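What follows is each chain in one-letter form.
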Amino acid sequence: LEDAQTQFDLNIGPLWRFQLLQLSDEQSILLFTIHHIISDRWSLDLWMGELALVYEALMAGDPAPGNAPAKQYADYTAWQNQWVQGKRWDSQLAYWKQQLGGNPAPLELPIDRTRSFASTSTGARQSLTFHPELTAALKHLSDGESVTPFMTLLAAFAVLLYQYTQQEDQILCTPVAGRHRAETKGVQGYFNNILPLRLDLSGNPSFQELIARARQVSLGAYKNMDLPFQAIADLPELARTPLARVLLALQPGANDTLSLPHLTIRYPKFQNVHNGTANVDLALFLEEKDGAWTGAIDYKTDLFDTATIAQIIAQFQQLLATLITNPQLRLETLPCLRKAALLKPSETTYVAPNKAIERTIAEVCQEMLQLEKVGIHHNFFELGAHSLMMVKICDRLNTVLNQKLAIVDLFRYPTIHTLAQYLSQEP
């Protein structure tokens, strides 16, 4: 953590640091810290591949390979400087002016403290994992709607934000690799760009309709992804609209293990040492691993409490399960979470289980969550049931009740009362 928080001097190179920490005769950690101005996520994959080639050559007694790519980062910057003066720049600039015109209002997130002019970049991170069943269901829905999983996730995240903000006009940002040209795929350097995606949630659309809108907005942005984010943010139309409040990223899954002679390298695709900063108010990063989406939310601690972020994570998973199993649900049929978030679990009126099935569910929840009592209207997530715990509760209920509950069912019916109604098939 100390190394991650140590700043670089941009006037004095190098802009990277490496430390080899030997834990034992069999295990070591290679800690590398690289400034984003010279590298991106794609570059790290290239670097690991080159490291493997050098290692294999040295182990075989051969000279280290030194084949440089045909194009260098300097070639890319020269091309971009030429492109700035061309017609495509003007065309893409016109697209973003039209797409983001009308002085859109900034997102009013459910912050815990008043926003200050002296807001800092101090941040924290909370991890999250979607159960494989929920991940698979989301991917299945995406296939059926002929969209990418990111587009479905974007629509769902916009619905979540709507529940908090009641804003039908939203701008969410997403990072793109910026390597859609073949000659850039083997080049080390910073190619990333940020795309602002403006979603229209007006007209009480169904979730299925919102997915289609997310697809249209995403495809339009991808066709105009070359314009640097700063050039978009500097548009006069956005003078009163801070774009960098919410960011959503879904990274493709990839192998994070390299098997080399006498050596196995495991490296996390997702940064697991947080540097204590947050570039935007709220950022959700996800990637697929072992059939499940896993990642984290980074957030500004000037604005959010830890408990609020935990609640957002729980409610997003619950909302996703509801939307995926009921894509025809319309926006106005969903609850306003801003109001619901004001009611903490400890403040929820305790109503004791009455029916036999309610008492059975309560006993399982009390046992698994180590609580003295659970009322029929207490929300499992607000009681501390994260995704893994929900799996255990689901398995236990199936054994005790002789049912075939799926984990998605607990996301859809997250209280004893609603789950008992579902199991009893009561109206």
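Presented here is an overview of the structure given in this document. (Residues numbered from 1 in each chain as written. Predicted model: local features only at pLDDT ≥ 70, side-chain atom pairs only at ≥ 80, totals over all residues. Heavy atoms only, no water.)

**A look at the nonpolar core**
For soluble globular proteins, nonpolar side chains are generally found buried alongside one another. To keep it simple, the criterion reads: Among buried residues, those of type Ala, Val, Leu, Ile, Met, Phe, Trp, Tyr and Cys that are joined through side-chain atoms within 4.5 Å constitute a nonpolar core. Type-normalised accessible area, obtained with a 1.4 Å probe on protein chains alone, sets the label of each residue: buried when under 20%, exposed when over 50%, and partly exposed for intermediate values. In this text, helices come from DSSP runs of H or I with a minimum length of four residues, and strands from runs of E with a minimum of two, each type numbered from the N-terminal end. The contact rule is simple, with two residues in contact once any of their heavy atoms fall within 4.5 Å.
W96, F130, L153, F157, F316 and I361 are the most contacted members of the largest nonpolar core, which totals 98 residues. Tallying contributions element by element places helix 5 (residues 149–165) first for this core, with 13 residues. When residues no more than four places from it in sequence are discounted, the contact partners of F157 are L172, V246, L248, L284 and F316. Listed in part, the 5 residues of the second largest apolar core include M48, A52, L260 and Y267.

**Considerations on the environment of Q82**
Residue position: Q82 is located in helix 2 (residues 73–84). The spatial distance from the C-alpha of Q82 to the C-alpha of S121 is 34 Å, given a sequence separation of 39 residues.

**Some thoughts on the pairing of strand 5 (residues 193–200)**
Inclusion rule: Should DSSP find at least two bridges between two strands, the strands are taken to pair.
Within strand 5, 6 of the 8 residues are buried, which leaves it mostly tucked inside the rest of the structure. The pairing of strand 4 (residues 169–176) with strand 5 spans 8 bridges and is antiparallel. In the sheet register, V176 faces strand 5, and the bridge partner there is N193.

**Quick notes on unusual backbone geometry**
When glycine is set aside, most residues are seen to have a negative phi, and most peptide bonds are trans. For the bond running from G13 to P14, omega is -5 degrees, close enough to zero to count as cis. A positive phi angle, near 65 degrees, is found at H262, a position not held by glycine. Following the sequence through the fold, H262 ends up in the loop between strand 7 (257–260) and strand 8 (263–266). One non-glycine residue, D290, lies in positive phi territory at about 55 degrees. As for its position among the elements, D290 is in the loop between strand 9 (282–289) and strand 10 (292–300). Residue class for D290 comes out exposed when judged on its relative accessible area of 73%.

**Thoughts on the pattern of salt bridges**
Close approach of charged atoms allows side chains of opposite charge to pair. Heads up, the condition is: What counts as a salt bridge is simple: a side-chain nitrogen of Lys or Arg found within 4 Å of a carboxyl oxygen of Asp or Glu.
According to the stated counting rule, one finds 13 salt bridges in the structure shown. A salt bridge links D305 to R113, with the nearest nitrogen and oxygen atoms 2.6 Å apart. Within this pair, whereas D305 is found in the loop between strand 10 and helix 8 (306–325), its partner R113 is found in the loop between helix 3 (87–99) and strand 3 (123–129), the two being separated by 192 residues in sequence. For D305, a relative accessible area of 33% corresponds to the partly exposed category.

**Here we look at the packing of aromatic side chains**
Here is the rule: Stacked, tilted and edge-to-face pairs are distinguished by plane angle, under 30 degrees for stacked and over 60 for edge-to-face with tilted covering the rest, among Phe, Tyr and Trp rings (Trp via its six-membered ring) whose centres lie within 6.5 Å. Both a distance and an angle decide whether a charge sits over a ring: NZ of Lys or CZ of Arg must be within 6 Å of the ring centre and within 35 degrees of the ring normal.
Under the definition given, this model contains 14 aromatic pairs. Ring geometry for Y76 versus F191: centroids 4.5 Å apart, planes at 50 degrees, classification tilted. One end of the pair, Y76, is in helix 2; the other, F191, is in the loop between strand 4 and strand 5, and 115 residues separate them in sequence. The burial state of Y76 is the same as that of F191; both residues are buried. Relative to W293, the ring of F130 has its centre 6.4 Å away and its plane inclined at 45 degrees; by these criteria the two rings are tilted. Of the two residues, F130 is situated in the loop between strand 3 and helix 4 (132–144) and W293 in strand 10; the sequence distance between them amounts to 163 residues. Relative accessible area serves as the criterion here: at 1%, F130 is assigned to the buried category. A relative accessible area of 2% means that W293 is categorised as buried. Among the aromatic residues, those joined into a ring-pair cluster are Y73, Y76, W79, W83, W89 and F191. The ring centre of F8 lies 4.3 Å from the NZ or CZ of R17, which sits over that ring. Taking the ring centre of Y350 as reference, the NZ or CZ of K373 above it sits at 4.3 Å.

**Some points on helix 10 (residues 356–369)**
The cut-off we apply is this: The span expected for a helix works out to 1.5 Å for each residue beyond the first.
With 14 residues, helix 10 ought to run about 20 Å at 1.5 Å a step, and its terminal C-alpha atoms sit 20 Å apart, in line with that. Every buried residue of helix 10 is accounted for by I357, E358, T360, I361, A362, V364, C365 and L369. Remark: Q370 follows helix 10 within two positions and exhibits a positive phi of approximately 55 degrees.

**Description of the packing of helix 5 against helix 8**
The description of two helices packed together rests on the angle between their axes and the distance between the axes. What counts here: Every axis corresponds to a line fitted to the C-alpha atoms, with the helix fit spanning only the stretch in contact, and the corresponding angles, defined between N-to-C directions, vary from 0 to 180 degrees. Every angle not falling under 35 degrees, over 145, or within 65 to 115 is termed oblique; those three ranges are roughly parallel, roughly antiparallel and roughly perpendicular. In this scheme the crossing of two helices becomes right-handed for a clockwise turn of the near helix relative to the far one and left-handed for an anticlockwise turn of less than a right angle.
The geometry of helix 5 relative to helix 8 is characterised by a closest axis approach of 10 Å and an angle of 120 degrees between their N-to-C directions. Taken together, the axis directions place helix 5 and helix 8 in an arrangement best described as oblique. Regarding helix 5 and helix 8, the two cross each other, and that crossing is right-handed. Along its contact with helix 5, which presents L153, A156, F157, V159, L160 and Y164, the element helix 8 presents Q311, I312, Q315, F316, L319, L320 and L323.

**A short note on the pairing of strand 7**
Two elements, strand 7 and strand 8, share 4 bridges in a ladder whose sense is antiparallel. Its bridge partner being in strand 8, T257 is matched across the sheet by R266. Taking the residues that link successive antiparallel strands as the turn, the strand 7-strand 8 hairpin has 2 residues, and the phi of H262 there is positive, at about 65 degrees.

**Focus on a nonpolar patch on the surface**
As a reminder of what qualifies: Like-charged residues are merged into a patch within 9 Å and nonpolar side chains (Val, Leu, Ile, Met, Phe, Trp, Tyr) within 5 Å, provided each residue has over 30% relative accessible area and no salt bridge. The accessible surface values rely on the Shrake-Rupley method and a 1.4 Å probe; as for residues, cover is taken only from the protein chains in view.
Among the surface-exposed residues, L10, W16, F18, L20, L30, I37, I38 and L51 lie close enough to one another that they form a single nonpolar patch of about 740 Å² accessible area. Ranked by residue count, the leading element in the nonpolar patch is strand 1 (residues 16–22), at 3 residues. Structurally, I38 can be placed in the loop between strand 2 (28–34) and helix 1 (41–59).

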